Structures are given as structure tokens and as C-alpha cells.
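Below, each chain spelled out in residue letters.
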Amino acid sequence: MSIITQLTRMWLTRSRKPFIFKNEYDKLLPFEECDNLGLYVHIPFCRKICNFCPYCKTVYTEEKCSAYLDALIKEIHMVGAGKEKKTVTSLYFGGGTPALAADRIGEIIAAIREHYIITEGIGVELHPDNVTVPVLKKLEEAGVTKLSIGIQSFQKKFQNILGRTAVDISTLAEVLSGFHFETISMDFIFALPGQTFSDLQLDIDTAFAKGANHIAIYPFIDFSFTESPVKALSKREKHQLLDRITEYCLEKGYKRSSIWTFSKEKNALYSSMTRENFLGFGCSATTLLREQFKINTFSVEEYCKRIEGRELPTSLTLRFSLRQRMVYFLFWTAYSTHVNPADFERFFGVPLKRVYGFEVAIAKLAGFITEENGILTMTPKGAFYYHYYENFYTLAYIDKMWGIMRREAFPEKIVL
């Protein structure tokens, strides 16, 4: 584990206690009292497995996908059964390639609506090949309001590096022009070998010109368990690129909605991450509640077996200490580049500066954050170092956990 993440965890939690994930779970999930609850559904199937992608996925077959979707709907009803209908913020479908289940997305959403009232829309991730009139029509009829299209790059040289096929830009734009989704986001990867700001500027301009009103530009991360031969750029090169991307987007009048996302319109938002609490359904999906974090098994076969046995597919559960939960809250809230101390006090019942006043003061002195009208906002310098630390966090925690869970359906314990 990175010494940086270990020392940071010990300092902020005021404890040497690590994050301990155990093979245990609550048969009834205590989400009823959670405010600002979001929902996530994972569809792990892909036609082709991209070697750089770290997410839980498996090669698509119609039979396997159909059985999985049957189990998924059963899980949704198991979690919501016997509880009053709960108001939630949003619902996001990720993968994998959720569009491979386009014929049944409406059925899944209908099952969710039996137990939850969705107030801020429904988002679905798409491969560029899935941006077709029949697929988008099915999603629109099912109630989907937001799309996130995994472009990665419009340029052949980077598509070749990532093992992706070319994107037909004209057809993409023509199809999108026939629909009126609230958010059309396009995802890109930066920090690829040989990539310059001019390359990224071209991708950004093309995205907004061809139908996007929101973009996400994520750094390439070299996970140890993927088969990708690609090596990311150096820290200095990443810093320069992120700063140039940020400056350019702000100069163009785009609103920065998180560390790596920018929107052309005020209400164009797409984020399945920055939520206080969320319920996850499906293989590898995670659930964050007030005092626990749990993750479902990565095995499609074992997931289906658990559901058929009327058991939740939870693989591991972390029981938070109060300080651990505070750190988790702040880390993912800060992803939006803003922290409202009033939200922290509402959630924990104690002022933020009483708990982390020293750290807030140091962050101000270091030029990482500013404070205006009580709101803490990251500077471009702070955003880069958040990204830099998030890279350490990903490799120290997520890389290790996902690497183990890809091999073991139900590990006994993971200590991070």
C-alpha cells in the first residue's frame, strides 16, 4: 500500500485502524433514513473486452445476460420489499455495456419505481456503437434522461492505443440530433502516451459541436490487473494537461461540475459518484449507507446463485468508524470541487471546522482551496493534487480490492 495513502488515512481518522472489509452483510439494508440517496445498477456485459478497462465485465451472450437480468430484478425487489416507497435523487446504469440490455431497461426501471421515487433523472452509459435510433428510442421510452457515451478519443492514433474502433462522428451527431435528452455526456481519457493539449482540445471541441452538452475527461490509470500495455504520462505532464484543459474549458464559458467534468449548460449534469448515500444493484455494485460500505460479488455466476437462494449477493462489508465515514464523505464530496460545511454538519451533527479546522486552514495556506460565503472551493492547484492523491488512492485501495475480487467471489477478508 502507498505510504502516502496510509499516512493520510491515519492522520485524518486519528487512528491506526485500517479499512477492514469482512465477509458479512445485513440481510435488510438500513437505507430508509438516508437522505440524498442515489441508485446504481451494474450491467457487466460487453461484446468485446477493452484491455484498459478495470470495471467488472464479461463477454456477452444472450442466455447469460437474460438470466442475469432476471436475478437483478429479483435483487431490486429483495432490497425494497416491505419498506415504504423511498424518494431518491437519481438512477444510473453502468457497465459493461448497459445498452446490451436495452430491450429490458424499461422492465428494470419499472421494478425500481415500485420501491423508489426518482427526482433527478436516469442516466445510462453507452458505447459509441450503441448510439443508434432504435437503442435511444428504447431508452427514451423507458424514462432515461441522461446519456454518457464512452468515446475515449475521436482520434485514430489514440483509438489504436486503446484498442477501440473508429467513431463515425457524422452518424453519431445525426442520431443524437433526433433526441432531446437532458444530458448528453461524452467521456474522454487524458494522459495517454504522446497526447498533447491540442489533441484534447480537438476532442473537446468535436464533442460539443456534435451534440454533447457535458464532457468528462478522466486520467488514464494503469491498473495492475488489466492487460493494457499502455503507460500513463508523468506527473508533470498530467499536471500541465489538466491545467490546460481546465483553463480552456473555463475560457469557453463551460461550467466545471467536478474534477474532470465540464458542462455547456447549467442543468447538464452526469455523476454517479458525488452522493452522500447510494444503493447498488447487480454484480460488483457498491452500496454506501450511513455506517457501512458494501460491495457485491464480481462473479456473475455466484451473483445469480445467491439471488436464486433468496440471499443478497454481498461479498464484503466495511463497518465505518465515525472518522472513517467523515473522511469518505469529504473525499467524494470534494470530487465536485466544492464542499459546503453545512452539509457536513447536517450529516454528522458537528461543525466541519471543529473536526478538521486545522486541515482546512493548511489547505487554504497551500493554495488548494478558497472560502467564499462559507463554501470551500478547490483552486486549479487543489484540483490537480486531488487528482494526484486520487491516483494513489485508486492504486492502493481499489486496485488491490478489485484485483482480489476478480479472482475470489467471496473473499474472507480484505484489509486496506
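Residues numbered from 1 in each chain as written. Predicted model: local features only at pLDDT ≥ 70, side-chain atom pairs only at ≥ 80, totals over all residues. Heavy atoms only, no water.

Student: What should I look at first to understand the overall build of the protein chain in this one?
Tutor: For the protein chain, the count of helices and strands is 13 helices and 21 strands. In terms of C-alpha radius of gyration, the protein chain reaches 21 Å, essentially the compact-globule figure of 22 Å for 416 residues. Expressed along its principal axes, the backbone C-alpha trace of the protein chain runs to roughly 55 × 50 × 40 Å. Accessible area for the protein chain stands at about 18,300 Å²; split by element, carbon and sulfur atoms hold 53% of it. In the protein chain, 51 side chains carry a positive charge and 47 a negative one; their mean positions are 5 Å apart. (Helix = DSSP H or I, 4+ residues; strand = E, 2+ residues; numbered from the N terminus. Rg over C-alpha atoms; globule rule 2.2 N^0.38 Å. Areas by Shrake-Rupley, 256 points an atom, 1.4 Å probe, with all protein chains shown as cover. Lys, Arg positive; Asp, Glu negative; His and termini not counted. Charge placed at Lys NZ, Arg CZ, Asp CG, Glu CD.)

Student: Help me understand the pattern of salt bridges in this model?
Tutor: Between side chains of opposite charge, a pair can form when the charged atoms approach closely. One pass over the full model with this rule turns up 15 salt bridges. Between lysine 138 and aspartate 103 there is a salt bridge, with its nearest N and O atoms 2.4 Å apart. Linking lysine 138 in helix H4 (residues 133-142) with aspartate 103 in helix H3 (residues 102-113), this pair joins segments that are 35 residues apart in sequence. Accessibility expressed as a relative area gives 35% for lysine 138, which makes it partly exposed. For aspartate 103, a relative accessible area of 62% translates into the label exposed. (Salt bridge = Lys/Arg side-chain N within 4 Å of Asp/Glu carboxyl O. Buried < 20%, exposed > 50% of the residue type's maximum accessible area, 1.4 Å probe, protein only.)

Student: What's the story with the sheet that holds strand S20 (residues 375-378) in this structure? I'm lost.
Tutor: Pairing between the strands of a sheet comes from backbone hydrogen bonds, and it takes one of two forms, parallel or antiparallel. A sheet is described by the order of its strands in space; here three strands give the open sequence S18-S20-S19, paired in antiparallel fashion. Of all strands in the sheet, those bounded by a partner on one side alone are strand S18 (338-339) and strand S19 (369-372). Strand direction decides the pairing type here: S18 and S20, joined by two bridges, are antiparallel. Across the sheet, residue valine 339 finds its bridge partner in S20, namely leucine 376. (Pairing = 2+ DSSP bridges.)

Student: When you look at the packing of aromatic side chains in this model, what are you seeing that I'm missing?
Tutor: What describes a pair of aromatic rings is the distance from one ring centre to the other and the angle between the planes of the rings. On inspection of all chains with the given rule, the structure shows 30 aromatic pairs. Geometrically, the ring pair formed by phenylalanine 179 and phenylalanine 181 is stacked, given 6.0 Å between the ring centres and 25° between the ring planes. The exposure class of phenylalanine 181 is buried, given its relative accessible area of 9%. Of note, arginine 14 hangs over the ring of tryptophan 11, and the distance from its end group to the ring centre comes to 5.0 Å. In this arrangement the basic side chain of arginine 325 is found over the ring face of phenylalanine 320, its NZ or CZ atom lying 5.5 Å from the centre. (Phe/Tyr/Trp six-rings, centres within 6.5 Å; stacked < 30°, edge-to-face > 60°. Lys NZ or Arg CZ within 6 Å of the ring centre and 35° of its normal.)

Student: Can you help me understand the packing of helix H7 (residues 197-209) against helix H8 (residues 235-251) in this one?
Tutor: To characterise two packed helices, one gives the angle between the axes of the helices and the distance between these axes. Viewed as axis vectors pointing N to C, H7 and H8 meet at an angle of 35°, and their least axial separation amounts to 10 Å. Where H7 crosses over H8, the two elements pack in a sense that is right-handed. Here H7 contributes Phe197, Leu200, Gln201, Ile204 and Asp205 to the contact with H8, which in turn contributes Leu241, Arg244, Ile245, Tyr248 and Cys249. Tallied by class, residues from the contact of H7 with H8 come to seven nonpolar, one polar and two charged. (Axes fitted to C-alpha atoms, helices over the stretch in contact; angles between N-to-C directions. Left-handed = near helix turned anticlockwise from the far one by under 90°. Contact = heavy atoms within 4.5 Å. Nonpolar A, V, L, I, M, F, W, Y, C, P; charged D, E, K, R; others polar.)

Student: So what exactly am I meant to see when it comes to the side chain of threonine 314 here?
Tutor: Looking at the element boundaries, threonine 314 is found in strand S17 (residues 314-319). The exposure class assigned to threonine 314 is buried, which follows from its relative accessible area of 0%. Within the local environment of threonine 314, its side chain forms a polar contact with the side chain of lysine 294, the two groups lying 2.9 Å apart. (Polar contact = N/O pair within 3.5 Å; in protein donor to acceptor, adjacent residues only side chain to side chain.)

Student: Would you mind going over unusual backbone geometry with me for this structure?
Tutor: Excluding glycine, residues mostly carry a negative phi; peptide bonds, for their part, are mostly trans. For the bond from glycine 95 to glycine 96, the omega torsion is 15°, close enough to zero to count as cis. Notably, alanine 191 is not glycine yet its phi reads approximately 75°, a positive angle. If you trace the backbone, alanine 191 turns up in the loop between strand S10 (183-190) and H7.

Student: I keep staring at H3 and nothing clicks. Help me out?
Tutor: What sets the pattern is the α-helix's 3.6 residues per turn: residues three or four places apart point alike. Between the first and last C-alpha of H3 there are 17 Å, a value that for 12 residues agrees with the 16 Å anticipated at 1.5 Å per step. Within the sequence span of H3, burial applies to Ala102, Arg104, Ile105, Ile108, Ile109, Ala111 and Ile112. Viewed end-on, H3 has its buried residues packed into an arc of 155°, placing them on one side of the element. On its buried side, H3 packs onto strand S2 (37-43), helix H2 (62-80), strand S6 (91-95), strand S7 (116-118), strand S8 (122-126) and H4. (Expected span 1.5 Å × (residues − 1). Arc of directions from axis to C-beta.)

Student: I would appreciate a short explanation of the nonpolar core in the present structure.
Tutor: Note on soluble globular proteins: their nonpolar side chains tend to be buried together. Ranked by internal contacts, the top residues of the largest apolar core, which has 133 residues, are Phe93, Leu136, Met186 and Leu279. For this core, the leading source of residues is helix H13 (residues 380-407), giving 11 residues. Leave out the neighbours within four places in its chain, and leucine 136 touches Leu126, Val131, Leu147, Val175, Leu176, Phe179 and Phe181. Cys50, Phe52, Phe220 and Val230 belong to the second-largest nonpolar core, a separate cluster that totals nine residues. (Core = buried A, V, L, I, M, F, W, Y, C linked by side-chain atoms within 4.5 Å.)

Student: Please explain the pairing of S2 as it appears in this structure.
Tutor: Side chains on a regular strand alternate between the two faces of the sheet. Within S2, seven of the seven residues are buried, which leaves it mostly tucked inside the rest of the structure. Neither face of S2 is open: one carries Leu37, Leu39, Val41 and Ile43, the other Gly38, Tyr40 and His42, and all of them are buried. The pairing of S2 with strand S14 (residues 277-281) spans five bridges and is parallel. Across the sheet, residue leucine 37 finds its bridge partner in S14, namely asparagine 277. Of the pairings in the sheet, the one linking S2 to S6 comprises five bridges and is parallel in character. For leucine 39, the partnering residue across the bridge sits in S6 and is leucine 91.

Student: Is there a simple way to explain a nonpolar patch on the surface in this structure?
Tutor: The grouping of Trp11, Phe358, Ile362 and Leu365 at the surface amounts to a nonpolar patch, some 500 Å² of accessible area in total. Looking at the element boundaries, leucine 365 is found in helix H12 (residues 352-365). (Patch = residues over 30% accessible without salt bridge, like charges linked within 9 Å, V, L, I, M, F, W, Y side chains within 5 Å.)

Student: Any chance you could explain the pairing of strand S9 (residues 146-152) here in plain terms?
Tutor: Counted residue by residue, S9 has seven buried out of seven residues, so it is predominantly covered. Going residue by residue along S9, you find Lys146, Ser148, Gly150 and Gln152 tucked away on one face and Leu147, Ile149 and Ile151 tucked away on the opposite face as well. Here S8 pairs with S9 via four bridges, running parallel. In the sheet register, glycine 123 faces S9, and the bridge partner there is lysine 146. Once the chain exits S8 it traverses H4 before rejoining the sheet at S9, and the crossover so formed is right-handed. With six bridges connecting them, S9 and S10 associate as parallel partners. Among the inter-strand pairings, leucine 147 is bridged to a residue of S10, identified as isoleucine 184. (Right-handed = clockwise from strand over helix to strand, strands pointing away.)

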